[in-house]
Amino acid sequence: MRKAVIRAGAGAASAIVIAKSGFIDGTAFARDRSEIELVKEKILSRNGIVPSRKEQELALSESSLERPFDVLVIGGGATGTGVALDAASRGLRVGLVEREDFSSGTSSRSTKLLHGGVRYLEKAVFNLDYGQLKLVFHALEERERVLQNAPHICHPLPTMTPCYSWFELAYYWCGLKAYDLVAGPRMLKLSRYYSVKEACDAFPTLSKESNGRKLRGGVVYYDGQMDDSRLNVGLACTAAFAGASVLNHAEVISLHKDEQSGNVIGSRVRDKLTEKEFDIYAKVVVNAAGPFCDSVRQMADGSAPNIICPSSGAHVVLPDYYGPECLGLIIPKTKDGRVVFMLPWHGKTLAGTTDSISKITYLPQPREEDIDFILQAINDYLNIEVRRTDILSAWSGIRPLATNPTAKDTASISRDHIVHVDSHGLITITGGKWTTYRSMAEDATNAAIQHGKLKPSNGCVTAELPVVGAYGWDPSFYAELAQSYGHMSRTKDGNMVARTIDTNTAKHLTSAYGSMAKHVVAIAQKENLGRKLAEGHPYLEAEVAYCARNEYCETAVDFIGRRTRLAFLDANAASEALPRVIQILSSEQGWSRGREIRERKEAEAYLHTFKPASQIHY
């Protein structure tokens, strides 16, 4: 039975409260299974069409002191949408508000890995730290659940560690075999040794010599990979189907407190798209604002001490020829001890490094020295020169590590999460990582139920609750989609010819939308929106319309940054697609000419943060 420690805040009782995942008897188990089927039925009966944004805002604004929500979640990242889905699927009345867009912050700027934490295992062994070992067991369990619940968005990825000494080879082989052993039945595939020839055949750009040392072989192991913002948006939409009222672009500007108890009982919210303000009331408020958790806590108590130590990781995207299509590369220890990786992602090569202490900002940008470090580090291991001019996009993400902010570095900080209940009853969930978002949400929901004396109709079901798009999907669905797509088009000479969808686009649509891809294709066929948005990328015009209608895509940035990954993959291609994206969204949303101009300016400013300073021409 897993337990979540809830640490009392300043001025609260000093006792540590334990939130337990309750035992489920046979009757309760049947009820839980029926809740999973109910969510599935809602998704299928509505053809994946979520309640409209107007409906969601109306439901939120109609709450009152007499009829409050059971839970109000602040923050629409992985953890926040996870809490909304967990609480709603337990039969609770749930609201969620997000200042920007779902996954607009840290949750869209991750390394795109679902990992069990092989580095934590190393610390557990050498430091005899059972806490680190528990993190590995737990992460492996959660990795398996995410892969099962979102199979269209997530998949196993082999990653190779090149070894340039016999000691390294023995060390990493033993370590990864231990990782296999710990994973047990949750192992994705057995790790294995690659000879020098096998390593170079599998990763053709890998150098046979690095810093005067000859390649001795490599060790390949498996973890999971995902499209983080697509998964996050899927969670938000699934929560909406489960009954939660979710609203993006809705900023909390203040918190309401009960006059007698002083407990937080709601918030004042501003709809940033309309500037309309309204109140939301709830029995329990959960703060899942990621790096901005302390800002929310200080709305309740101006003297609340910080519990967030922000840590940033920089990433660059390079053309696909730098690495193979289905194999990643990880350098566990560079010259300064950091980890560097090269991963295939959406037909490009993603390279990045690990944590460094940073400041909190809404639009973090990678520092030039971070970009230089990444390029220099991977240059040491490749047989071709990594050119700065090849960078297609660069970004940085801020991770909310829960620790003492006076710590000198982030390398030794535990990656576990905390659930913190302060003296005003505000529940804060922070720390952790993408892989464990579901269990973090479960712990926060347990705490909310206990603190608010709520009465859910059933226990937690999210361990087996698929996200929208997973129902009816299988690995061959792209072939069925390609066969079903067809429309007639007129050529330049006036002849009518049949157009079909190419395999790459079909694979993209089914991996992004799962079984809902058929609705995207229907829009492309019936509304003449089958053209590509940018050369060299599979994104279709129909996706703009679909996301506006079915995924709460409200701005151009929502689309190029989160519904699709154009900004993250190729900033120039995103700029190329922008006018058409705005045109389609304007038609869908009924924008004025002034709104279109504002959208263009805001999107250009957003894309500016994805371009290294050396590539920006004024």
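Let me sum up the structure you'll find in this document. (Residues numbered from 1 in each chain as written. Predicted model: local features only at pLDDT ≥ 70, side-chain atom pairs only at ≥ 80, totals over all residues. Heavy atoms only, no water.)

Across the eight residues that make up strand β13 (residues 264-271), a large majority, six, are buried. In this sheet, β13 lies alongside strand β12 (residues 250-257) in antiparallel orientation, the contact comprising seven bridges. Its bridge partner lying in β13, Glu-251 is registered against Arg-270. Count of turn residues in the β12/β13 antiparallel hairpin: six residues, of which Gly-262 carries a positive phi of about 80 degrees. Where β13 and strand β14 (residues 277-287) come together, five bridges link them in antiparallel fashion. Residue Arg-270 lies in a different strand from β14, and its bridge partner there is Glu-277. In sequence, β13 turns back onto β14 through a hairpin of five residues, with Glu-275 there showing a positive phi of about 65 degrees. (Buried < 20%, exposed > 50% of the residue type's maximum accessible area, 1.4 Å probe, protein only. Helix = DSSP H or I, 4+ residues; strand = E, 2+ residues; numbered from the N terminus. Pairing = 2+ DSSP bridges.)

Take the pattern of salt bridges next. All told, the structure shown has 46 salt bridges when counted by the stated rule. A salt bridge links Arg-213 to Glu-168; its shortest N-O distance comes to 3.4 Å. Of this pair, Arg-213 sits in strand β9 (residues 213-214) while Glu-168 sits in helix α6 (residues 166-183), and the two are 45 residues apart along the sequence. Between Asp-228 and Arg-565 there is a salt bridge whose closest N-O contact spans 2.8 Å. Note that Asp-228 is positioned in helix α8 (residues 228-241) and Arg-565 in the loop between α16 (556-563) and α17 (566-569), a separation of 337 residues in sequence. Both residues of the pair, Asp-228 and Arg-565, count as buried. By sharing partners, the salt bridges in this structure join Arg-99, Glu-100, Glu-251, Arg-268, Arg-270, Lys-272, Glu-275, Glu-277 and Asp-279 into a single network. (Salt bridge = Lys/Arg side-chain N within 4 Å of Asp/Glu carboxyl O.)

As a further point, take the packing of helix α18 (residues 571-589) against helix α19 (residues 593-608). It is at 10 Å that the axes of α18 and α19 come closest, and there the two elements cross at 160 degrees. Taken together, α18 and α19 sit at an angle that is classed as roughly antiparallel. Handedness of the crossing formed by α18 with α19: right-handed. Of α19, the residues touching α18 (which contributes Ala-571, Ala-574, Ser-575, Leu-578, Pro-579, Ile-582 and Ser-586) are Glu-596, Glu-599, Arg-600, Ala-603, Glu-604 and Leu-607. Its residues placed into classes, the contact of α18 with α19 shows seven nonpolar, two polar and four charged. (Axes fitted to C-alpha atoms, helices over the stretch in contact; angles between N-to-C directions. Parallel < 35°, antiparallel > 145°, perpendicular 65-115°, else oblique. Left-handed = near helix turned anticlockwise from the far one by under 90°. Contact = heavy atoms within 4.5 Å. Nonpolar A, V, L, I, M, F, W, Y, C, P; charged D, E, K, R; others polar.)

It is worth spelling out the environment of Phe-102 at this point. Mapping Phe-102 onto the fold places it in the loop between β4 (94-97) and β5 (113-114). Along the primary structure Phe-102 and Cys-553 are separated by 451 residues, whereas in three dimensions their C-alpha atoms are 9.4 Å apart. Beyond its immediate stretch of four places on either side in the chain, Phe-102 contacts Gly-76, Thr-81, Leu-96, Asn-232, Val-233, Ala-236, Val-246, Leu-247, Asn-248, Tyr-552, Arg-562 and Arg-563.

Looking now at the packing of helix α5 (residues 130-149) against helix α11 (residues 437-452). At a minimum axis distance of 8 Å, the contact between α5 and α11 shows a crossing angle of 105 degrees. Relative to α11, the element α5 is oriented roughly perpendicular. Contacts between α5 and α11 involve His-138, Glu-142, Arg-145 and Val-146 from the former and Tyr-437, Arg-438 and Ser-439 from the latter. Class assignment of the residues belonging to the contact of α5 with α11 gives a composition of two nonpolar, two polar and three charged.

Ranked by internal contacts, the top residues of the largest apolar core, which has 111 residues, are Cys-154, Leu-231, Leu-509, Tyr-513 and Val-581. A total of nine residues in this core trace back to one element, the largest contributor, which is α18. Setting aside residues up to four positions removed in sequence, Leu-231 forms contacts with Val-146, Ala-150, Ile-153, Cys-154, Met-226, Trp-434 and Val-467. With 30 residues, the next largest nonpolar core counts Tyr-164, Leu-329, Val-340 and Ala-394 among its residues. (Core = buried A, V, L, I, M, F, W, Y, C linked by side-chain atoms within 4.5 Å.)

Over its twelve residues, helix α3 (residues 78-89) runs 16 Å from end to end, which matches the ideal 16 Å to within 8%, given 1.5 Å per residue. Counting buried positions along α3 yields twelve of twelve residues, so the element is predominantly enclosed. Those residues of α3 that sit buried are Ala-78, Thr-79, Gly-80, Thr-81, Gly-82, Val-83, Ala-84, Leu-85, Asp-86, Ala-87, Ala-88 and Ser-89. Backbone geometry just downstream of α3 places Gly-91 in the positive-phi region, at approximately 90 degrees. (Expected span 1.5 Å × (residues − 1).)

What follows deals with the packing of aromatic side chains. Applying the stated criterion to the full structure yields 13 aromatic pairs. Taking the centre distance of 5.3 Å and the plane angle of 80 degrees together, the rings of Tyr-171 and Tyr-172 count as edge-to-face. For Tyr-171, a relative accessible area of 25% gives the class partly exposed. Residue Tyr-172 is classed as buried on the basis of its relative accessible area of 16%. A ring pair is formed by Tyr-513 and Tyr-546, whose centres lie 5.4 Å apart and whose planes are at 80 degrees; its orientation type is edge-to-face. One end of the pair, Tyr-513, is in helix α13 (residues 503-513); the other, Tyr-546, is in helix α15 (residues 541-550), with 33 residues separating them in the sequence. We note that Tyr-513, like Tyr-546, is buried. (Phe/Tyr/Trp six-rings, centres within 6.5 Å; stacked < 30°, edge-to-face > 60°.)

Another point: the pairing of strand β17 (residues 340-345). The buried count for β17 comes to six of six residues, which makes it a mostly enclosed element. Going residue by residue along β17, you find Val-340, Met-342 and Pro-344 tucked away on one face and Phe-341, Leu-343 and Trp-345 tucked away on the opposite face as well. In terms of strand pairing, strand β16 (residues 328-331) meets β17 through three bridges, oriented antiparallel. Bridging from a neighbouring strand, Ile-331 pairs with Val-340 of β17. Inspection of the sheet shows β17 paired to strand β18 (residues 348-353) by six bridges, in the antiparallel sense. The residue bridging Val-340 from the neighbouring strand is Thr-353, located in β18. Linkage of β17 to β18, two consecutive antiparallel strands, is achieved through a turn of two residues, within which His-346 is found at a positive phi near 50 degrees.

Moving on: empty space enclosed by the protein. For the coordinates displayed, the defined rule picks out four cavities of 30 Å³ or more. As a volume, the largest cavity reaches approximately 120 Å³. If you trace the largest cavity, you find 17 residues lining it, with Arg-230, Gly-234, Val-468, Tyr-513 and Glu-551 closest to the centre. For the lining of the largest cavity, the elements supplying multiple residues, two or more each, are α8, α13 and α15. Classifying every residue of the lining of the largest cavity gives ten nonpolar, five polar and two charged. Within this model, the second largest cavity holds a volume of roughly 80 Å³. Along the walls of the second largest cavity sit 14 residues, with Leu-85, Leu-235, Tyr-437, Arg-438 and Thr-462 positioned nearest its centre. Only α3, α5, α8 and α11 provide two or more residues apiece to the lining of the second largest cavity. When its residues are assigned to classes, the lining of the second largest cavity shows nine nonpolar, three polar and two charged. (1 Å grid on protein atoms, 1.4 Å probe; cavity = no way out; pocket = protein on both sides within 12 Å on 5 of 7 lines; lining within 4 Å. Points joined across faces, edges and corners; volume = space filled by probe spheres on them.)

Moving on, we get to unusual backbone geometry. Positive phi outside glycine occurs at Lys-112, with the angle close to 70 degrees. Along the chain, Lys-112 falls in the loop between β4 and β5. Located in the positive-phi region is Asn-528, a residue other than glycine, with phi close to 55 degrees. Note on placement: Asn-528 falls in the loop between α14 (517-526) and α15. Exposure remark for Asn-528: the relative accessible area of 46% places this residue in the partly exposed category.

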